[in-house]
Structure formats: structure tokens, C-alpha cells
Amino acid sequence: MDNKKAPLLGKTLRELQEVVVGMGLPKFTAGQIASWLYGKKVASIDEMTNLSLKNRERLKEAYEVGCSAPVEAQHSVDGTVKYLFRVGEGQYVESVFIPDDDRATLCVSSQVGCKMNCLFCMTGKQGFSAHLTPAQILNQLYSLPERDRLTNVVFMGMGEPFDNLDAVLRACEILTADYGYAWSPKRITVSSVGLKKGLRRFLDESGCHLAISLHSPFPAERATLMPAERAWSITEVVELLRGYDFSKQRRLSFEYIVFKGLNDSERHARELVRLLKGLDCRINLIRFHAIPGVDLEGVDRDQMLAFRDYLTGHGVFATVRASRGEDIFAACGMLSSLSQQKNDNTSKN
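Residues numbered from 1 in each chain as written. Predicted model: local features only at pLDDT ≥ 70, side-chain atom pairs only at ≥ 80, totals over all residues. Heavy atoms only, no water.

Student: Which parts of the structure should I look at to understand the pattern of salt bridges?
Tutor: This structure, assessed with the given rule, holds 16 salt bridges. Linking lysine 82 and glutamate 94 is a salt bridge whose minimum nitrogen-to-oxygen distance equals 3.6 Å. Of this pair, lysine 82 sits in strand S4 (residues 81-88) while glutamate 94 sits in strand S5 (residues 91-100), and the two are twelve residues apart along the sequence. For glutamate 94, a relative accessible area of 4% corresponds to the buried category. The salt bridge involving arginine 267 is made with glutamate 221; its shortest N-O contact spans 2.8 Å. (Salt bridge = Lys/Arg side-chain N within 4 Å of Asp/Glu carboxyl O. Helix = DSSP H or I, 4+ residues; strand = E, 2+ residues; numbered from the N terminus. Buried < 20%, exposed > 50% of the residue type's maximum accessible area, 1.4 Å probe, protein only.)

Student: What is the right way to look at helix H7 (residues 196-205) in this model?
Tutor: The periodicity of an α-helix, 3.6 residues per turn, causes residues three or four positions apart to be oriented the same way. Where H7 is concerned, the buried positions are Gly198, Leu199, Phe202 and Leu203. End-on view of H7: buried residues confined to an arc of 130°, all on one side of the axis. Seen from the open side of H7, the exposed residues pointing more than 90 degrees away from its buried face are Lys197, Asp204 and Glu205. Structurally, H7 contributes buried residues whose contacts are with helix H6 (165-176), strand S10 (188-192), strand S11 (209-213) and helix H9 (234-241). (Arc of directions from axis to C-beta. Contact = heavy atoms within 4.5 Å.)

Student: Would you take a moment to explain the pairing of strand S14 (residues 317-320) for this structure?
Tutor: A regular strand carries its side chains on alternate faces of the sheet. With four bridges joining them, strand S13 (residues 282-287) and S14 adopt parallel strand pairing. Across the sheet, residue isoleucine 283 finds its bridge partner in S14, namely alanine 318. In this region the chain leaves S13, passes through helix H11 (residues 301-313) and returns to the parallel neighbour S14; the handedness of that crossover is right-handed. (Pairing = 2+ DSSP bridges. Right-handed = clockwise from strand over helix to strand, strands pointing away.)

Student: Please explain the packing of helix H5 (residues 134-142) against H6 as it appears in this structure.
Tutor: Angle between the axes and distance between the axes are the two parameters that describe a pair of packed helices. Between H5 and H6, the shortest axis-to-axis distance is 8 Å and the interhelical angle comes to 45°. Overall, the two elements H5 and H6 adopt an arrangement that is oblique. Pair H5 / H6 crosses with right-handed handedness. Taken together, the residues of H6 that come into contact with H5 (itself represented by Pro134, Ile137, Leu138 and Leu141) are Ala167, Val168, Arg170, Ala171, Ile174 and Leu175. Residue classes in the contact of H5 with H6 are distributed as nine nonpolar, no polar and one charged. (Axes fitted to C-alpha atoms, helices over the stretch in contact; angles between N-to-C directions. Parallel < 35°, antiparallel > 145°, perpendicular 65-115°, else oblique. Left-handed = near helix turned anticlockwise from the far one by under 90°. Nonpolar A, V, L, I, M, F, W, Y, C, P; charged D, E, K, R; others polar.)

Student: Would you explain unusual backbone geometry in this entry?
Tutor: Of all residues except glycine, most have a negative phi; of all peptide bonds, most are trans. Although it is not a glycine, aspartate 101 adopts a positive phi angle of roughly 55°. Along the chain, aspartate 101 turns up in the loop between S5 and strand S6 (103-107). Overall, aspartate 101 belongs to the exposed group, its relative accessible area being 79%. If you check the backbone angles, asparagine 117 has positive phi at about 55° while not being a glycine. Counting through the fold element by element, asparagine 117 comes out in the loop between strand S7 (111-113) and helix H4 (122-125).

Student: What is the right way to look at the packing of helix H10 (residues 266-276) against H11 in this model?
Tutor: Closest axis-to-axis distance for the H10/H11 pair is 10 Å, and the angle between their directions is 30°. The angle between the axes of H10 and H11 places the two elements in the roughly parallel class. Read as a crossing pair, H10 and H11 show a hand that is right-handed. Contacts between H10 and H11 involve Glu266, His268, Ala269, Arg270, Leu272 and Val273 from the former and Phe307, Tyr310 and Leu311 from the latter.

Student: Please explain H5 as it appears in this structure.
Tutor: In terms of burial, H5 is a largely internal element, eight of the nine residues being buried. Where H5 is concerned, the buried positions are Pro134, Ala135, Ile137, Leu138, Asn139, Gln140, Leu141 and Tyr142.

Student: Help me out: how do you make sense of the environment of methionine 156 in this one?
Tutor: On the secondary structure map, methionine 156 appears in the loop between strand S9 (152-155) and H6. Put simply, methionine 156 and glutamine 91 are 65 residues apart on the chain and 19 Å apart in space, counted from C-alpha to C-alpha. Filtering out sequence-adjacent residues up to four positions away, methionine 156 remains in contact with Cys107, Val108, Thr189, Ser191, Ala211, Glu255 and Arg321.

Student: What is the right way to read the nonpolar core from this model?
Tutor: Note on soluble globular proteins: their nonpolar side chains tend to be buried together. Grouped together as the largest cluster of nonpolar side chains are 107 residues, with contacts concentrated most on Met48, Phe155, Leu241, Phe254, Leu276, Ile283 and Leu311. In terms of residues, this core owes the most to one element, H6, which gives eight residues. Dropping the residues within four chain positions of it, phenylalanine 254 is found in contact with Ile212, Leu214, Val238, Leu241, Leu276, Leu279, Cys281, Arg282, Ile283 and Asn284. (Core = buried A, V, L, I, M, F, W, Y, C linked by side-chain atoms within 4.5 Å.)

Okay, here's the thing in C-alpha cells:
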């Protein structure tokens, strides 16, 4: 891919109109390009055959489609596939394809690394390197070998989506717009630690589902797991959420990784019930996938079910998320970390 050329992928219809008008082409040409990109998912401008050869050549002088295939894939015994995408010189992100009966979900990344540095997350150990562009976010779908099977997308990969909100909202617009993928917003979930400024804007500007990483209902304990708690407390986040309607189009969920002896007690369950009382939401209980250098343990199935049953029995709907791709470390940034290390070592030699 020629880095001197700008990608067409990731541009909204308005931005494509600006491109063609700036080149002296008819404004309707933008709709044709959008159809080739998001409808037919072409790999090159040459394939946009309802544009004249002259106009295609002019377009190719400054632009390209901007798609690039994954550079590596790891396959789990349960059908989960983790893909590695190169997004810059020596920079990589992961996305995870998760088939499940008639559903097929793609977990996409929004940043290279992450600033949040959550204790339990391998991506946070990398530090932050770069924001992904809308093109780099959408390329994870566009260049996915299983793209035609996708039913859902979750922004739960590498990075904090609300820390790169402009690009995430642009990608979501293209996924849901008539000129784009024309998906229902109900097929998209965006996960966040709860950055307050970004949270309010997301709720006002997007109809996609929202997932908040919670992991402890006690602010002091949550801060030991998630440093972002010190700036944006979970109590403030929940209070903000109470001002929005989640009873109809948009679903609100809380992600809760259950750690042995840390956040799995009845005391924690009681506080969760108190914290979320009256809020139309669900809690997704997640088993911890161990990562190197982190002294945390998950709980057994019986404890997960007991925790779930307490919450559900006290009015907070809870589910236990099935673990997928554990043999390929599908839930962390292991593959991208190894690729980064290899690149660094090559550069030094």
C-alpha cells in the first residue's frame, strides 16, 4: 500500500463528496464510490467500473482504497480466529472473529496500545502508541476473510474507544448509514472504561449499544484495577447513565471480570445491586484469562454461577459470558506485543 496516497476507506459520504468536487468530478460520483467501497468492498479503484477510465486514473493519483490483509492469524480449537493487522511502521493491532451458531462477532481495536493501563489487560502493558484512523478501524472488517459472515461488531479490542471518539463515531456512522454498510445500530457495541466527556457525547450522537467496564462496585478497589477510576469514578458514570433511556433501542451492559478473592464476594454482589438499582441494564460476568506478569486468578464455574444467581435474584439481570479462544489468548494483546517486540529487535540489529 502506497503510504503517500490517502485512503478512500473510512470516508463518509460527505467527505467523499468533498474529494470528488475538489477534483472537478460530479457530486454524484461520491455515491458511486461509496457503493463500490461499502457495498461491493472492492480492493482497488480500477474495479470501480462505472467511473470513466479517465476519472479512475485521476482518482488514483492521490487516493487508494486503503485496505490491507491481516499479516498473521491464530486459530482456536473452538473456531475463534485472532487476526493481526499492520497499521503503521512496526505497529500492529488485533481483531478477533468469534463464530457462535448463527451469530458471528468481530472484536475490533480502536488504538495501538492503550493509555488506561488496567491491571488485568495485556494491551495496557504496551503503553499507548497511536490512534487508529477510521480507515484502519474499518479495515479490520473490510479485509476480514470471514467478513460476509459477520452479524455483530464490538469495540472491545485494543484501546479505549472514547479516547479516539472522532474516529470511532465516524466508523460507526459508515457501518450504520444507508450509503455505507446499512447495519442497524443494534449490531454494534462500544465498550469503555467510562471516560465521562466521551461517554456523554457517544450517548448523544450514537444509537449503538454501550458496555461499561466495571469490575468492582467500590471506587477504591476499582482504582487498583483501573487507574481511570481516579479521574472518572464509576459512581459518576452510573449517575450520568441514569439520565438516558435504555429501555428501547439502546442496550446498556456492564462488563465484570470475576477475580478470585478480589471482587467475587457477596459484599461485592450486594454493592453492585445497590449501585445499579433502577437502571435498565445487564451485567456480563467474564472469566479471567491469565496474562504474563499479573498475579490475578479467575474463579471456578460454581462461583461464577453463584455470583450470577445472587445478582439476578436481587433484580440485576446477569449472564456468564462463555470463554472463547483461550488457547490463542483471544482476550488480550499478546500477539501484537510479540510482533512489536520482534520489530524492535530487528530494528536494533
